[in-house]
Amino acid sequence: MGILGHIGYSQMESNLPLHLKELFGGEHVLYPSLLALNAGVVILFQMAITRWGEGRSILTHMTLGSLMFTLGLTCWGIGGHWGWFVVGMIILTIGEILLFPSGSLFIDRLAPPVLRGTYFGASGFRSIGFFIGPTLGGWLLEAVGGSRTFFLLAGVVALGMLFYWLGHRAHRADQSVKRSCREPA
């Protein structure tokens, strides 16, 4: 999972509770309930989603995971009623199940064996999204309000899908060139 996905995911623990407090007041039970729902969905559905995804490509996992993050953040942007936040959390958690494991698998398959450690080390830069996300989200929350913040951040995560696709396409082209260079003339 890349920087843009981490920016979106970080909103769950940083700016979502601030938005909920603004909408429903300070002593509302919705936020802790959403965190419990997140954990419950992971426990209940991780095995089934993992089995479903076994025959699919890593790009499919990453794209669907990013799409689910985008839709979850969009639900939070719609907000207004607690039901949107529940639906958004379920959708975002399914994206989490799809996206988090596939990021490491993507690096593993992308990296040449002698550079695998270097690639995994460099992939740690994706955590920059956990630094940028709360800051950006907090600034947007103040500047444009909660709903627009989550809509804008959904767009940021959706942009990540484009980068996954471009990276996968470049990797396939590189592999094709390497195969054609190895084949005898």
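Quick caveat: nothing in here was measured; it's all calculated off a predicted structure. (Residues numbered from 1 in each chain as written. Predicted model: local features only at pLDDT ≥ 70, side-chain atom pairs only at ≥ 80, totals over all residues. Heavy atoms only, no water.)

**Re the overall build of the protein chain**
Per the secondary structure count, the protein chain includes 8 helices and 0 strands. Here the protein chain, with 185 residues, has 37% of them falling under the buried criterion. Long-range contacts, defined as pairs at least 24 residues apart, comprise 75% of the intrachain contacts of the protein chain with a sequence gap of at least 6. Summing over all exposed atoms, the protein chain offers an accessible surface of approximately 10,100 Å²; the carbon and sulfur share of this is 67%. Distance between charge centres in the protein chain, computed from 12 positive and 9 negative side chains, equals 12 Å. (Helix = DSSP H or I, 4+ residues; strand = E, 2+ residues; numbered from the N terminus. Buried < 20%, exposed > 50% of the residue type's maximum accessible area, 1.4 Å probe, protein only. Contact = heavy atoms within 4.5 Å. Areas by Shrake-Rupley, 256 points an atom, 1.4 Å probe, with all protein chains shown as cover. Lys, Arg positive; Asp, Glu negative; His and termini not counted. Charge placed at Lys NZ, Arg CZ, Asp CG, Glu CD.)

**Regarding the packing of helix 2 (residues 16-24) against helix 3 (residues 30-53)**
Packing of helix 2 against helix 3 leaves a shortest axis separation of 9 Å and a crossing angle of 140°. As far as their axial angle goes, helix 3 and helix 2 are oblique. Of helix 3, the residues touching helix 2 (which contributes L16, P17, L20 and F24) are L30, Y31 and L34. Residues belonging to the contact of helix 2 with helix 3 are distributed by class as follows: 7 nonpolar, no polar and no charged. (Axes fitted to C-alpha atoms, helices over the stretch in contact; angles between N-to-C directions. Parallel < 35°, antiparallel > 145°, perpendicular 65-115°, else oblique. Nonpolar A, V, L, I, M, F, W, Y, C, P; charged D, E, K, R; others polar.)

**Comments concerning helix 2**
Among the residues of helix 2, those classed as buried are L16, H19 and L20. In an axial view of helix 2, the angular spread of the buried residues amounts to 100°, which keeps them on one side of the axis. Among the exposed residues of helix 2, those pointing more than 90 degrees away from its buried face are K21 and E22. Just beyond helix 2, the residue with positive phi is G25, at close to 95°. (Arc of directions from axis to C-beta.)

**A closer look at the side chain of S66**
Mapped onto the secondary structure, S66 falls in helix 4 (residues 58-78). Apart from the residues lying within four places of it in its own chain, the contact partners of S66 are L99, V157, M161 and Y164.

**Here's the deal with the nonpolar core**
By size, the foremost hydrophobic cluster in this structure holds 25 residues, and its most contacted members are L16, L20, L34, L73, W76, F85 and L92. Mapped onto this core, the elements with two or more residues apiece are helix 1 (3-9), helix 2, helix 3, helix 4, helix 5 (82-110) and helix 8 (146-182). For this core, the element with the most residues is helix 4, which contributes 6 residues. (Core = buried A, V, L, I, M, F, W, Y, C linked by side-chain atoms within 4.5 Å.)

**Some remarks on the packing of aromatic side chains**
All chains considered together, the criterion is met by 6 aromatic pairs. Taking the centre distance of 5.6 Å and the plane angle of 20° together, the rings of Y9 and F69 count as stacked. Of the two residues, Y9 sits in helix 1 while F69 sits in helix 4, which places them 60 residues apart along the sequence. F69 carries the same exposure label as Y9, and that label is buried. Judged by centre distance (6.0 Å) and plane angle (80°), the ring pair of F24 and F85 falls under edge-to-face. Here F24 is found in helix 2, whereas its partner F85 is found in helix 5, with 61 residues between them in sequence. Since its relative accessible area comes to 0%, F85 is described here as buried. One aromatic cluster is present, built from ring pairs that chain together Y9, F69, F100 and F130. (Phe/Tyr/Trp six-rings, centres within 6.5 Å; stacked < 30°, edge-to-face > 60°.)

**Description of helix 7 (residues 128-144)**
The α-helix advances 3.6 residues per turn, and as a result positions three or four apart in sequence lie on the same side. The first and last C-alpha atoms of helix 7 sit 23 Å apart over 17 residues, in line with the 24 Å expected at 1.5 Å per residue. When we look at burial in helix 7, the residues that qualify are G129, G133, G137, L140 and L141. Each buried residue of helix 7 sits inside an arc of 100° when the element is viewed along its axis, so together they form one side. In helix 7, the exposed positions angled more than 90 degrees off the buried face are occupied by F131, T135, W139 and E142. The positive-phi residue at the C-terminal boundary of helix 7 is G145, with phi of around 90°. (Expected span 1.5 Å × (residues − 1).)

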